[in-house]
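# Chain and residue survey
Listed below are the residues making up each chain.
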Amino acid sequence: MLVVETVAKIRREHFGRGKGVKTIARELGLSRNTVRKVLRSGETAFEYERAEQPHPKLGAFISQLEVMLEANAAGARKDRLTLTRMADLLSREGYEGGYDAVRRYAGRWSSKRRGVNSPVEAFVPLSFAPGDAYQFDWSHDQVEIGGTPMTVKVAHLRLCHSRRFYIRAYPRETQEMVFDAHARAFASFGGVTARGIYDNMKTAVDAVFAGKTRRFNRRFEQMCSHYLIEPVACTPASGWEKGQVENQVGYARDNIFKPRLRFRTLEELNGWLESECERRARNDRHPEQRDRTVWEVFEAERPFLAPFAGTFDGFHQIEAVAQATCLISFDRNRYSVAARAARRAVQIRAYADRIVVLCDAEVVADHPRSFGRDRTIYDPWHYLPVLARKPGALRNGAPFRDWPLPPALTRLRKKLGAGDEADRRFVRVLTAVLDDGLEAVDSAVREALDAGAASDEVILNILARRREPPSPQALTTTEALQLHHPPIADCARYDLLRGSRAAA
C-alpha cells in the first residue's frame, strides 16, 4: 500500500519537475504501473481494504462464537457474557488464539447485524430556563475518616441552568439521607426550582410503568409537596437524561476526591465539601456562557427560584417494641428509651444524624445516630425511675458506667463514699431530678456542699424549701379606697368592754 508521502513525491516529481514515468519509477524504486496509476487517478491517498478477513485460529470456532453473540443480543443485560468470558469459553474448546481476534470479530459481527441503514444512537442538546430544574444522583467515593479508609455515599444536586452544584457525603444511601441532602442543598441555594430530575432510585420510586409514568414513594411525595417540586423520573438505563449530574459525578471524583481526602470526622469532611462547592462555583467558568463564572450565572438565576419553605421533617419511621431493658434495636445498633416506654410499642424516626423514639406521641429518646454495628447507646437518665426502685444497680449497671454527671453531683458521690448505704443516699438525691429538674438539684447540692453538709437529707430539705410557695405580696389600694381612720390593732380594748359589762 502506498503511503501518502510516496504519492506526494510522485506527483511533485511529475507535475512539478516534469520528470517521466520511467525516471520516477527508477528513482523511487517503484514499478511503472504503480507510478502511472497514481498519475492517472489524480488521488492523493490510496487505501487498501481486504475483501475477506482470514481467521487462521478463530475460523473453526466462529460458529460457536456467533451462537454466543446471538444469545447475548437476545438475552437480558444481566445475563450477557463479556467478550473476555467468550474468549475463555472458546479456549476451553481448543481455541489457541488471543482475545483481540474475538473482539475484532465481535465488532464486525455487531456492525453487520445492525446494518448500514440502522438508526444510530444520537442525542439532542438540552437547555434549561432559569429556575426550571435540578438533577440529583448518588456516587460512591473513597475517603479516610479518623485514619480509617471507608467508602462514603455522596449525594449530588445540580442546578441545570447555572450549573451550581452541592455535594454531601453520608454513610448510607437511605431515604432520610435523601431528605437531608435536599434540605441542605436548598438552604445553600436559598431557593428551589420547579422540577427535580431523578433516576429510578428505590428511595423515591416504588413502581416503574410504561413511558414516564411512575408511582413515587409516599414520603418522597411528601417532601416534593413540601418544597413544591414536580418530580421527574428518567427512562431506565438512560443516564443521558440527567447528563449534567452524571458528568458532575466524574468531575467530583477526579477534581475533589483525588487525592484521597482525610478528615477526623464526617462532619469536618462535609464542612469542607460545602465550602469547596462554593469556591469552585466562584472560580469555574460556565460551560455555555464562557464570559461568566458559574456563580455569576447563579446570582442571575436566584430571583427565579421559589422561596425556601424551611427544612422538611425528613425521617424514615418504623414500628418497634421496646425491650424490658429499655432498649430498642435499629440498623444493627441498640438505643435506650425512657423507662415508661419499656415493653410498649414505639415509633422509631431515623434522621440523617439522629434517632428519635416516640411512645404515645411523646418523645422518649433522642440520640445521635451511630453507623457502626452491635453498639449500645445509653442515656443513663432514661433508667432513673428504675434506679429509684433498685439503687443497687448504680454500682454495676451498664448505663451508669462512666456517667458524665455535673461536677457538684460527682463531688457529692465521692463525699458519700462507697457501699450500699452510700448508693441509696446518692440515688435519693438523683431521684429528685424527676420532680425538680437537674438544674435545681445541682444547685441544691452545691449549696449543701458549700455549707459542709454532704447529706441527702439536707439536700432534699433545701429542695423542699425551694418548692414552698412564695409569700403573697401586699395588696395596694387606690387613694380613694384608703381609710382616713385606720383601725388600731390593740387587743386591750376588749378588756375595756369586759369592764363596762361588769359595772353594769
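From a predicted model like this one, the values you see are computed outputs, not experimental measurements.

In this section: the overall build of the protein chain. In terms of helices and strands, the protein chain carries 19 helices and 15 strands. C-alpha atoms of the protein chain, sized along the principal axes, occupy 175 × 65 × 45 Å. Across the 504 residues in the protein chain, those meeting the buried criterion constitute 38%. Partitioning the intrachain contacts of the protein chain with sequence separation of at least 6 by distance along the chain shows that 58% fall at a separation of at least 24. With an accessible surface of roughly 30,700 Å², the protein chain has 51% of that area assigned to carbon and sulfur atoms.

Counting across every chain of the model gives 37 salt bridges. A salt bridge links K19 to E27, with the nearest nitrogen and oxygen atoms 3.1 Å apart. Residue K19 is classed as partly exposed on the basis of its relative accessible area of 25%. We note a salt bridge from R280 to E276, for which the minimum N-O separation is 2.9 Å. Placement of both R280 and E276 in helix α10 (residues 266-283) is noted, with a separation of four residues, approximately one turn of the helix. Exposure class is identical for R280 and E276. Each is buried. Taken together, the salt bridges that share partners define one network made up of E421, R424, R425, R428 and D456.

Let's shift gears to the side chain of E176. In this fold, E176 is placed in helix α7 (residues 175-189). You can call E176 buried: its relative accessible area is 3%. Excluding residues that lie within four positions of it along the chain, E176 makes contacts with G314, H316, A350, Y351, A352 and R369.

Counting residues in each nonpolar core, the largest one holds 46 residues, and the members touching the most others are V337 and V445. Each residue touching V445, except ones within four places of it in the same chain, is listed here: A408, L409, L412, V429 and I459. By size, the runner-up hydrophobic cluster in this structure holds 35 residues, among which are F136, A181, A281 and F298.

Taken in spatial order, the four strands of this open sheet run β9-β12-β13-β14, and their pairing is antiparallel. Two strands lie at the open edges of the sheet, namely β9 (316-321) and β14 (362-368), each paired on one side alone. Sheet twist, expressed as the mean angle between neighbouring strand axes with direction ignored, is 25°.

When the C-alpha atoms of E176 and R349 are compared, they prove to be 9.5 Å apart, with 173 residues separating the residues in sequence. Within polar-contact distance, the side chain of E176 engages the side chain of R369 at 2.7 Å.

What follows covers the packing of helix α1 (residues 4-16) against helix α3 (residues 32-41). At a minimum axis separation of 10 Å, α1 and α3 run at an interaxial angle of 80°. Judged on the interaxial angle alone, α3 and α1 are roughly perpendicular. Only V35, V38 and L39 of α3 make contact with α1, whose side of the interface consists of V7, I10, R11, H14 and F15. Grouping the amino acids of the contact of α1 with α3 by side-chain chemistry returns six nonpolar, one polar and one charged.

A few words now on α3. Listed as buried for α3 are V35, V38 and L39. Buried residues in α3, looked at end-on, bunch into an arc of 95°, giving them a common side. For α3, exposure combined with an orientation more than 90 degrees from the buried face picks out N33, K37 and R40. Those residues of α3 hidden inside the fold are in contact with α1 and α2 (21-28). Positive backbone phi, approximately 75°, marks G42, located one or two places after α3.

A cis geometry characterises the amide bond from K258 onward to P259, with omega recorded as -5°. With respect to the helices, strands and loops of the structure, P259 is situated in the loop between α9 (243-255) and β8 (261-263). One non-glycine residue, C326, lies in positive phi territory at about 60°. By the element assignment, C326 lies in the loop between β9 and β10 (327-330). Phi at D374 is positive, roughly 55°, even though this residue is not glycine. Here D374 falls in the exposed class, since its relative accessible area comes to 70%.

Reading guide: rules and limits
- Residues numbered from 1 in each chain as written.
- Predicted model: local features only at pLDDT ≥ 70, side-chain atom pairs only at ≥ 80, totals over all residues.
- Heavy atoms only, no water.
- Helix = DSSP H or I, 4+ residues; strand = E, 2+ residues; numbered from the N terminus.
- Buried < 20%, exposed > 50% of the residue type's maximum accessible area, 1.4 Å probe, protein only.
- Contact = heavy atoms within 4.5 Å.
- Areas by Shrake-Rupley, 256 points an atom, 1.4 Å probe, with all protein chains shown as cover.
- Salt bridge = Lys/Arg side-chain N within 4 Å of Asp/Glu carboxyl O.
- Core = buried A, V, L, I, M, F, W, Y, C linked by side-chain atoms within 4.5 Å.
- Pairing = 2+ DSSP bridges.
- Axes fitted to C-alpha atoms, helices over the stretch in contact; angles between N-to-C directions.
- Polar contact = N/O pair within 3.5 Å; in protein donor to acceptor, adjacent residues only side chain to side chain.
- Parallel < 35°, antiparallel > 145°, perpendicular 65-115°, else oblique.
- Nonpolar A, V, L, I, M, F, W, Y, C, P; charged D, E, K, R; others polar.
- Arc of directions from axis to C-beta.

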